[in-house]
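# Structural characterization, general
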Amino acid sequence: MQYNTPHIHLFKTPGGYYIYDVNRNTIVRTEKSTYEKLKSNSSDLSAVEGDEDIRELLDRGYLSSNKVEEIEHHATSMLGFYLENKVSALTLQLTQQCNLRCEYCVYSGSYHNRGHANNRMSRETALKAIDFLFTHSKDAKRLNIGFYGGEPLLEFKLIKECMEYAMKKSEGKLLTFGITTNGTLLNDEIADFFEKHDVSVLISLDGPKEIHDKNRKQNISGCGSFDTIMENLGKLRERHPAYMKKVSFSVVVDPTSNYTCVDKFFTSYELVKDSKKVSSLISSRYAKNETAAQDSFIKERNYEVFKVYLHKLGRLDVKHTSVLAIDEYNRLKNLHDTSLIPAKSLSRKEHHGGPCIPGVSRFFVNAKGDFYPCERVSETSDMMKIGSVDTGFDLESVDRILNIGRLSKESCRNCWAFRLCYVCVSMADDLTQLSGEKKISNCRNVRRSTEQQFKNYCTLREFGHAF
Amino acid sequence: MDNKERLLVYPYGVELAAVIRHRDMLCGYEVSELVSPPGWGFAGKDAGFVDGSNGMGIIIADDFEAALHNCDTVLFGEACSHMDFIRVIEPKIQAAADMGKNIILTAAFDSESCKIAESICQEKGVSCKQLGCSRMQALLHGNEEILELLTPVVFVLGITERTNKFEAQLALRRRVQQSGYRISQVGSTSSAELFGFHSFPSFMKGHAYSEQQKIVMFNRYIKKIEAEEKPDLIVIGIPGGCMPISSKLPNGFGITAFEVSRAVVPDAAVLGLPYDEYEKAHLEGLLSVIKNRLGIEIDCFSLSNTKLDWDTALQEGNMSYVTLDSKFIENRKVVCREQGFPVYNVLNPGDASDMADSIIGKLEKYAAVQPV
């Protein structure tokens, strides 16, 4: 092991001093004196190698300067086999049309993506995609088919055909279905059918009426959609109260809104308070203009996150905490459970964190039958296409998207956030090509947010929290 | 005239690939049909497709009812344990019994399901045989002394499941018999009984005995086989994985392998490896861990064409695999051999023979120098 320029990141909290060792993928608490010696000698440890505390760290295998030599995802040499045998989740874009015109929708014209259009997926294309899933999932025990749009419930007849077709083929596999919907068309017939087949329903709902309706409006009337969704939810609960546990909400939090109001709604409103929520901010990927968060929003949100942490330390009752801010804690738990798994060393050949294996974790089929890694990439970008129902996977495209780190090799191999990075291909897409420059423009945010996570994680540990 | 029963195998998948590859060694059965559930996507493919190997010359179907017309007996395999018995398996048992077909169940079935199957068969006057349920006489008597075996013993064990263990066991069986030796075997899967040898005793799996009792009983069990069958060689296939993979993937903790290693001292051992890009340090480390933990010296590695899918395994908290092509792993095998490790690909027929020959050769050398 080489020791002179340790591949580490130093940070501190009000309560302690820490070293994140990239090779060991471990956060180590240390003394202030050691922290300062490491900080002063970060480019060459030889002057302090004899120091007792530094020696102890070196002897225990920390502070190595070893870095990755080649950027390559571990699945690369076997990619063909993964794509042939391990596909398990399919998302079908049944239509590019929608009965709403949400202000922040990625298809609203405010993003570098396609707009709303009348393209519908044909029955033939849908069934071909389902066949493709079954013939490429030899090593997958569970399969999932998700319905997407536009608004997929505009194509309920096709949904039924797809589900009936898939269920007939599915003997021997555990097959589940899901749908992402705006909830306005969820009538009794659809509700009964979904309940019968245990479909997971994700409804887009942004908060109380005045906040939800600000952005999520009907196409023709321009009126908000909140009342219609609530009416449908009320009927659904009356007809199938037990099925409500399969209904969850996707909350797009507008950073210009009142965070506390949104949060209070999801904590107390009868029809939604017991359901699972997944929250995110308005997406900035591919956005033509960014939406800046108001100071008051940031303050309110941070305060709610703080209260969640207090609850986790046993100092605040859960009834006073935010159901949306819990996501922040869950990210820290994920850091503990799956990201900070101790290692011996970085391998000679490795890829930074972030990319999933396109097509394997899931694959998205648009209305025309083209394959994309997921619904978050731009359909107008040729770089993002990874195949089609007629030609299958394009191995070269998948390889290129998977190994996105090759665009920024030097920057990545020297970065302390290498293992914890979350940059994927959508953040490197400048619509004409996969761009190293665009990719690198995300790096500062990655390092800033990762360090902040480290600090929050360590602070909770200082107060005795066990994840 | 050959009185072999025509055997329909359902659901045919990777767990039964070794059985079909060595179907010429089946005792009393001739494979007539392979049927997989439609959802597995195997219909119309050669049987070798399921484990990424060469063609086996028999095509998989997905129409169970149609296949019933071309068999005498239906084998319901291990994979049934992952399927809905009431909705999927029971109707097929009923259909088979209605057509006068005998039924064989693997040990994957719980006692409730077995009772239902037996009842259906009894009503229709067909036989219902359950594999892996050997009724052993009491093996526990007297003290806990571990008795020495006088016959050479070979272990076949794997780091994880899906390391072609049963394939290696059948390859050894074939070669040992071809060499003119008498072999007794305990297989790692209940399909062993289809080949006329013992399946892994059920007392090792249940909760009826303490772990100490299991170790003593296993020792007595092998000693009994030695006394009754008087073999030249005993091969023991150890089910499951032999060690934890990580704190999140305990892989059964290697308990069975540990208990077997306390009960019997092997003279040779084959270790099945899931595919990975092993370097010298990895293999040396594995040899050391197995030696220290189980007291077993590994003589050769059987490199599988199945890779552990780490990302999915960590996400789901269960072992998850991806099947590679058998030819793909040849490169890694060569690299490992160049570093001095005896690595074989048992799906390559030449390698399977060579591996068996190397084990037999070693044991023959031992036999030349026998302490008295």
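Residues numbered from 1 in each chain as written. Chains lettered and ligands numbered in written order. Predicted model: local features only at pLDDT ≥ 70, side-chain atom pairs only at ≥ 80, totals over all residues.

## Overview of the overall build of chain B
Secondary structure summary: chain B contains 11 helices and 14 strands in total. Its C-alpha atoms give chain B a radius of gyration of 21 Å, near enough to 21 Å, the size a compact globule of 372 residues would have. Overall, the C-alpha framework of chain B stretches about 60 × 50 × 45 Å when taken along its three principal axes. A total of 372 residues make up chain B; the buried ones form 48% of that total. (Helix = DSSP H or I, 4+ residues; strand = E, 2+ residues; numbered from the N terminus. Rg over C-alpha atoms; globule rule 2.2 N^0.38 Å. Buried ≥ 20, exposed ≤ 12 C-beta atoms within 10 Å, placed from the backbone.)

## Observations regarding the overall build of chain A
Assigned secondary structure in chain A consists of 15 helices and 15 strands. With respect to the principal axes defined by its C-alpha atoms, chain A has extents near 75 × 50 × 45 Å. In chain A, which comprises 467 residues, the share counted as buried stands at 41%. Of the contacts made within chain A by residues no fewer than 6 positions apart, 71% connect residues no fewer than 24 positions apart. (Contact = placed C-beta atoms within 7 Å.)

## Here we look at the sheet that holds strand β8 (residues 200-204) of chain A
Residue and element names in this part refer to chain A. Taken in spatial order, the 10 strands make up an open sheet running β10-β9-β8-β7-β6-β5-β12-β13-β14-β15, and their pairing is mixed. Each having just a single partner strand, β10 (276-281) and β15 (392-393) make up the two edges of the open sheet. Pairing of strand β5 (residues 89-93) with strand β6 (residues 142-148) involves five bridges; the strand directions are parallel. Note that in β6 the partner of Leu92 across the bridge is Phe147. (Pairing = 2+ DSSP bridges.)

## Quick word on the sheet that holds strand β6 (residues 128-130) of chain B
All names here are of chain B. Reading across the sheet, the six strands line up as β3-β2-β1-β4-β5-β6 and stay open at both edges, with parallel pairing between neighbours. Either end of the sheet is taken by a strand with one partner, and the two such strands are β3 (60-61) and β6. Pairing between strand β5 (residues 102-105) and β6: three bridges, direction parallel. Within the sheet, the bridge partner assigned to Ile104 lies in β6 and is Lys129.

## A closer look at the pairing of strand β7 (residues 153-158) of chain B
Residue and element names in this part refer to chain B. The buried fraction of β7 is high, at six of six residues. Residue alternation in β7 divides its side chains into two sets, Val153, Phe155 and Leu157 and Val154, Val156 and Gly158, and both sets are buried. As judged from the four bridges shared by β7 and strand β10 (residues 233-237), these two strands associate in the parallel manner. The partner of Val153 across the bridge, within β10, is Ile234. Direction of pairing for β7 relative to strand β11 (residues 268-275): parallel, over a ladder of five bridges. Its bridge partner being in β11, Phe155 is matched across the sheet by Ala269.

## Some details on the interface of chain A and chain B
At the interface, 17 residues of chain A touch 18 residues of chain B. Contributing elements (two or more residues each) for the side of chain A that touches chain B: α3 (79-85) and α4 (123-135) of chain A. Within the side of chain A that touches chain B, the residues separate by chemical class into four nonpolar, six polar and seven charged. (Nonpolar A, V, L, I, M, F, W, Y, C, P; charged D, E, K, R; others polar.)

## Focus: the domain arrangement of chain B
One widely used convention gives an interface's size as the accessible area the parts lose upon coming together. Residue and element names in this part refer to chain B. Assigned domains of chain B: these are domain 1 (5-130) and domain 2 (153-368). Once you take the C-alpha centre of each, domain 1 and domain 2 turn out to be 26 Å apart. On the side of domain 2, 17 residues touch domain 1, which itself brings 16 residues to the contact. Of all the elements, helix α1 (residues 17-21) adds the most residues to the side of domain 1 that touches domain 2, at three residues. Across the side of domain 1 that touches domain 2, the residue classes tally to eight nonpolar, five polar and three charged. (Domains from an automatic or database assignment.)

## What about unusual backbone geometry?
A cis amide bond links Gly149 of chain A with the next residue in sequence, Gly150 of chain A, at an omega value of 15°. Take Gly150 of chain A: it is sitting in the loop between β6 and α5 (156-169). Going from Tyr10 of chain B to Pro11 of chain B, the amide bond is cis rather than trans, its omega being -15°. As for its position among the elements, Pro11 of chain B is in the loop between β1 (5-10) and α1. If you check the backbone angles, Leu63 of chain A has positive phi at about 70° while not being a glycine. Along the chain, Leu63 of chain A turns up in the loop between α2 (52-59) and β4 (70-71). For Leu63 of chain A, a count of 25 C-beta atoms within 10 Å corresponds to the buried category.

## A look at the environment of Lys157 of chain A
With respect to the helices and strands, the residue Lys157 of chain A is situated in helix α5. In this structure Lys157 of chain A comes out as exposed when scored by C-beta crowding, with 9 C-beta atoms within 10 Å.

## Topic: the packing of helix α9 (residues 259-268) of chain A against helix α10 (residues 295-312) of chain A
The description of two packed helices rests on the angle between their axes and on the distance between the axes. Residue and element names in this part refer to chain A. Taken N-terminus to C-terminus, the directions of α9 and α10 make an angle of 40°; their axes are 8 Å apart at the nearest point. Taken together, α9 and α10 sit at an angle that is classed as oblique. Residue-level contacts link Tyr259, Thr260 and Asp263 of α9 to Phe297, Glu300, Arg301 and Glu304 of α10. (Axes fitted to C-alpha atoms, helices over the stretch in contact; angles between N-to-C directions. Parallel < 35°, antiparallel > 145°, perpendicular 65-115°, else oblique.)

## Comments concerning the environment of Ile357 of chain A
Residues and elements named next belong to chain A. Within the secondary structure layout, Ile357 lies in the loop between β11 (349-350) and β12 (363-365). With 106 residues separating them along the chain, Ile357 and Val251 place their C-alpha atoms 27 Å apart. Residue contacts for Ile357: discarding those within four places in its chain leaves Ala75, Tyr82 and Leu402.

## Details of the pairing of β5 of chain B
Where a strand is regular, its side chains alternate between the two sheet faces. Residue and element names in this part refer to chain B. In this structure, strand β4 (residues 73-76) lies alongside β5, joined through four bridges in parallel fashion. The partner of Val74 across the bridge, within β5, is Ile103. What joins β4 to β5 is helix α3 (residues 85-98), and the crossover it makes is right-handed. (Right-handed = clockwise from strand over helix to strand, strands pointing away.)

## Side note on the nonpolar core
Counting 220 residues, the largest nonpolar core has Leu92 of chain A together with Ile103 and Val154 of chain B as the members making the most contacts within it. Looking at this core, the element that brings in the most residues is helix α6 (residues 211-229) of chain B, giving seven residues. Sequence-distant contacts of Val154 of chain B, defined by excluding residues within four places in its chain, comprise Leu172, Leu233, Val235, Pro266, Asp267, Ala268, Ala269 and Ile359 of chain B. Grouped together as the second largest cluster of nonpolar side chains are six residues, Cys98, Leu100, Cys105 and Val106 of chain A included. (Core = buried A, V, L, I, M, F, W, Y, C linked by C-beta atoms within 7 Å.)

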